[in-house]
Amino acid sequence: MSMKGNFGEIEYVINESIGGELPKYLTQEEVKKARNFHLSMDEYQATPLASLDHLAEAMGVKKIYIKDESYRFGLNAFKGLGGTYSIARMLCKKLGVDIKDASFSFFNQPEVQEKIKDMVFVTATDGNHGRGVAWAASKLGCKSVVYMPKGSSEIRLQAIKNAGAEASITDLNYDDAVRLANQQAKENGWFIVQDTAWEGYEDIPVWITQGYTTMADEALDQLQLEGVDRPTHVFLQAGVGSLAGGVLGYYANVFKDNVPVTIIAEPEEANCIYKSAHVGDGEPHNVTGDLNTIMAGLACGEPNPITWKVLRDFATAYVSCPDYIAATGMRMLANPMGKDRKVVAGESGAVGAGLLYTLMQSENDLREKLGLNEESIILCFNTEGDTDPVHYRKVVCEGKNPQLS
Ligand SMILES: Cc1ncc(COP(=O)(O)O)c(C=O)c1O
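Residues numbered from 1 in each chain as written. Predicted model: local features only at pLDDT ≥ 70, side-chain atom pairs only at ≥ 80, totals over all residues. Heavy atoms only, no water.

1. Regarding the domain arrangement of the chain
Operational definition: The domain boundaries here were taken from an automatic or database domain assignment. Note on contacts: a residue pair qualifies if any of its non-hydrogen atoms lie within 4.5 Å across the two residues. Note on definitions: buried area is the accessible-area loss of two parts on being combined, 1.4 Å probe, summed for both. By definition here, a salt bridge exists when the distance from a side-chain nitrogen of Lys or Arg to a carboxyl oxygen of Asp or Glu is within 4 Å. Polar contact is the term for a pair of N or O atoms within 3.5 Å; when the atoms are in protein, one must be able to donate a hydrogen and the other to accept it, and sequence-neighboring residues count only if both atoms are side-chain atoms.
Here the chain is partitioned into domain 1 (2-77 + 205-396) and domain 2 (80-194). On a C-alpha basis, the centres of domain 1 and domain 2 stand 25 Å from each other. On the domain 2 side, the residues contacting the 40 residues of domain 1 number 33 residues. By the criterion of area lost to domain 2, the three top residues of domain 1 are Phe37, Leu75 and Trp207, representing 26% of everything that side buries. Taken together, the links from domain 1 to domain 2 amount to 5 salt bridges. In this structure, Lys139 engages Glu43 in a salt bridge whose closest nitrogen and oxygen atoms are separated by 2.7 Å. At the boundary of domain 1 and domain 2, one finds 12 residue pairs in polar contact (both at pLDDT 80 or more).

2. Let's talk about the site of the ligand
Defined as follows: Residues are classed as near a molecule or strand on a simple rule: at least one heavy atom within 4 Å of it. The accessible surface values rely on the Shrake-Rupley method and a 1.4 Å probe; as for residues, cover is taken only from the protein chains in view. Residues were grouped as follows: Ala, Val, Leu, Ile, Met, Phe, Trp, Tyr, Cys and Pro as nonpolar; Asp, Glu, Lys and Arg as charged; and all remaining residues, including Gly, as polar.
Among the 16 residues in the neighbourhood of the ligand, the closest are listed as Asn128, Gly239, Gly241, Leu243 and Thr383. Within the backbone of Val240, an N or O atom sits 3.0 Å from an oxygen atom of the ligand. At a separation of 2.8 Å, an oxygen atom of the ligand approaches a polar backbone atom of Gly241. Alone, the ligand offers 390 Å² of accessible surface; in the complex the protein occludes 99% of this. Looking at the shell around the ligand, its residues break down into 5 nonpolar, 8 polar and 3 charged.

This is the structure:
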């Protein structure tokens, strides 16, 4: 059962029958395996959880927390969590080792290096995932090849090359670039590390999704230190939905019958999760075309069929967002109120916070339906910093993508 509605151009679907089978691959035990592996890395450090108290007061809610992944591994985005964990799991499989026994340094031992040094990892990416894969592969002494969709940022391309990959911008959209990576893997005996699943390709995207949960687990620890056992509301952005499904699936396992109200935000031109909820037959549905949006990380037209089930069963609302929502979030977080901490949020990182602002500041009925009020404790994930600094400045300093009303 679902309810559909809109305010202005913003369209939404509310899930009125929350519940379903808890995802077994996102239990606390699985999440700890990923976090323990990340803990074994020299670069590992929990990213900050910013408590924006002045903003919360201005918005009329109790608390706003932003988990700031721009600090992750020095890569300016959360994606390295999935790249490192999935490649480690692939190497473990090849070597016949249990991930529980494999720290990062294990793979750098000369006798292990000898066995893995010729492996080539390939992927398609808008930027962040490819940078994470390239970085993880080179740290593990392996090679990587990265294909980017048409229109990708040259700055992001350079960042991937700098992380050690052979990388290029294709003339394909994201989903077709994924098919190219898959074909190249088959032809060359490379290993595809893709952050979405399809029939017969499930283990690796599940490992990637598990890798992402490290940030969700850190956030719960950090909230505990603030005296908060459970956020009442979680805003999650979706491209294919692996990130949102991973975080929500883990929280569903932790909070069971009391899952936080979870809002899935997507760009309106690439709203495949929203569209799937809108069709309402329980199946994932694709969006095609150029997927034009400033939220490059979310410009994906085909849901990950595995994490779609989590989003279908446990999310409260699916919201299709014009680009100005992301731009609003970028500006709001770049200009903190009072003593609040500044958060540098890129286009895909800021949309959740931008949607929160829009819900609290505009005339709409969704705010009430979601129970957003002075008791609300809100958790957003800033999944990237200024990964395209030129565009970041256009939005934040020059007012690009304003709300036209
Ligand atoms: C910064 C950022 N946020 C969010 C996402 C969305 O992740 P997913 O495609 O798993 O939904 C991406 C994906 O590339 C991203 O780069």
